[in-house]
Amino acid sequence: MEESLIYRAKNGNEQAFRLLIETYKDYVFKSIYGVLRNQKDAEDASQEVWIKIYTSLQSYEGQGFKTWISRIAVRHAIDCKRKKARRSEELVDEFAIGIDVNSERNHLVERSVLQKEQKQLMLKSLDQAPAAYRDVIEGYYIKGKTYQQLAQEQNVQVKTIETRLYRARLWIRKHWKEEDFL
């Protein structure tokens, strides 16, 4: 079935291509998100990748469609990450040209105050999290403990800590907004 969809999409059938997108959109997104680690950037890159897949479909030769699209997705995500890093380096370079010693100290003080406020806000928000998640979030992200240390402290298996941290991340994504902490 997949091969017939690909064949029809290669011959210009838009409905077949839409079905390919529906089938693989989550897979492509996850491949990209694994590199970029940012929801919005991954969503934007996913759209760009589907355009690349569409324009490159004629070169697909049946060597494993999932592998082929993941290669396109990961390469594009790496390119996006490199571009973003270059842009931030350019901004830092431009900014560094005009810095004097006093403004740099002021900036460090301001950053320190903002980080302290952000940490307090995060701790306050952490009180809203379920107790099982609160302990692993605080231990791992705030105190910087390893999975092994947390497991030993809580007298559980490391796999239990991994599971709790995974579920805590899902809870955070659902209940916290990034702009609340900026």
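Because the structure is a prediction, the values reported are computed rather than measured. (Residues numbered from 1 in each chain as written. Predicted model: local features only at pLDDT ≥ 70, side-chain atom pairs only at ≥ 80, totals over all residues. Heavy atoms only, no water.)

1. Details of the overall build of the protein
Filter applied, for reference: In this text, helices come from DSSP runs of H or I with a minimum length of four residues, and strands from runs of E with a minimum of two, each type numbered from the N-terminal end. For every residue, the accessible area obtained with a 1.4 Å probe (protein chains only) is divided by the maximum for its type, and the residue is called buried under 20%, exposed over 50%, and partly exposed between those limits. Residues count as neighbours in contact if any of their non-hydrogen atoms are within 4.5 Å of one another.
Helices and strands together make up the secondary structure of the protein, namely eight helices and zero strands. Each helix (α) and strand (β) of the protein, taken in turn from the N terminus, gives the series α-α-α-α-α-α-α-α. Within the protein, the proportion of its 182 residues that are buried is 24%. Look at the contacts in the protein between residues 6 or more apart in sequence, and 54% of them connect residues 24 or more apart.

2. Section: unusual backbone geometry
For R37, which is not glycine, the phi torsion reads 55 degrees and is therefore positive. Note on placement: R37 falls in the loop between α2 (14-36) and α3 (39-56). With a relative accessible area of 59%, R37 lands in the exposed category. Even without being a glycine, N155 presents a positive backbone phi close to 60 degrees. Within the secondary structure layout, N155 lies in the loop between α7 (147-154) and α8 (158-175). Taking the relative accessible area as the measure of exposure, N155 reaches 72% and is therefore exposed.

3. Some points on the side chain of S70
What counts here: A 3.5 Å cut-off defines polar contacts: any pair of N or O atoms within that distance qualifies, except that in protein one atom must be a possible hydrogen donor and the other a possible acceptor, and neighbouring residues in sequence count only when both atoms are side-chain atoms.
By secondary structure assignment, the location of S70 is in helix α4 (residues 65-97). Look at S70 and you get buried, because its relative accessible area is 15%. Of note is the side chain of S70, whose polar atom sits 3.0 Å from the backbone oxygen of T67. Ignoring anything within four residues of it in the chain, the contact list for S70 reads Y27 and S31.

4. Side note on the pattern of salt bridges
The condition is simple: We define a salt bridge as a side-chain nitrogen of Lys or Arg found within 4 Å of a carboxyl oxygen belonging to Asp or Glu.
One pass over the full model with this rule turns up seven salt bridges. Here R18 ties to E14 by a salt bridge, and the two come within 3.5 Å at their closest N and O atoms. Here R18 pairs with E14, and both are found in helix α2, just four residues apart, close to one helical turn. In this structure R18 comes out as partly exposed when scored by relative accessible area, which is 45%.

5. Thoughts on the packing of aromatic side chains
As a reminder, the rule being used: For this analysis, a ring pair means two rings from Phe, Tyr or Trp (six-membered ring only for Trp) whose centres lie within 6.5 Å, classed as stacked if their planes differ by under 30 degrees, edge-to-face if by over 60, and tilted for the remaining angles.
Scanning the model with the defined rule gives eight aromatic pairs in all. On the numbers, 5.4 Å between centres and 90 degrees between planes, the contact of Y60 with F65 is edge-to-face. Residue Y60 shares its accessibility class with F65, and that shared class is buried. Three or more aromatic residues link up through ring pairs in this structure, and these residues are Y24, Y60, F65 and W68.

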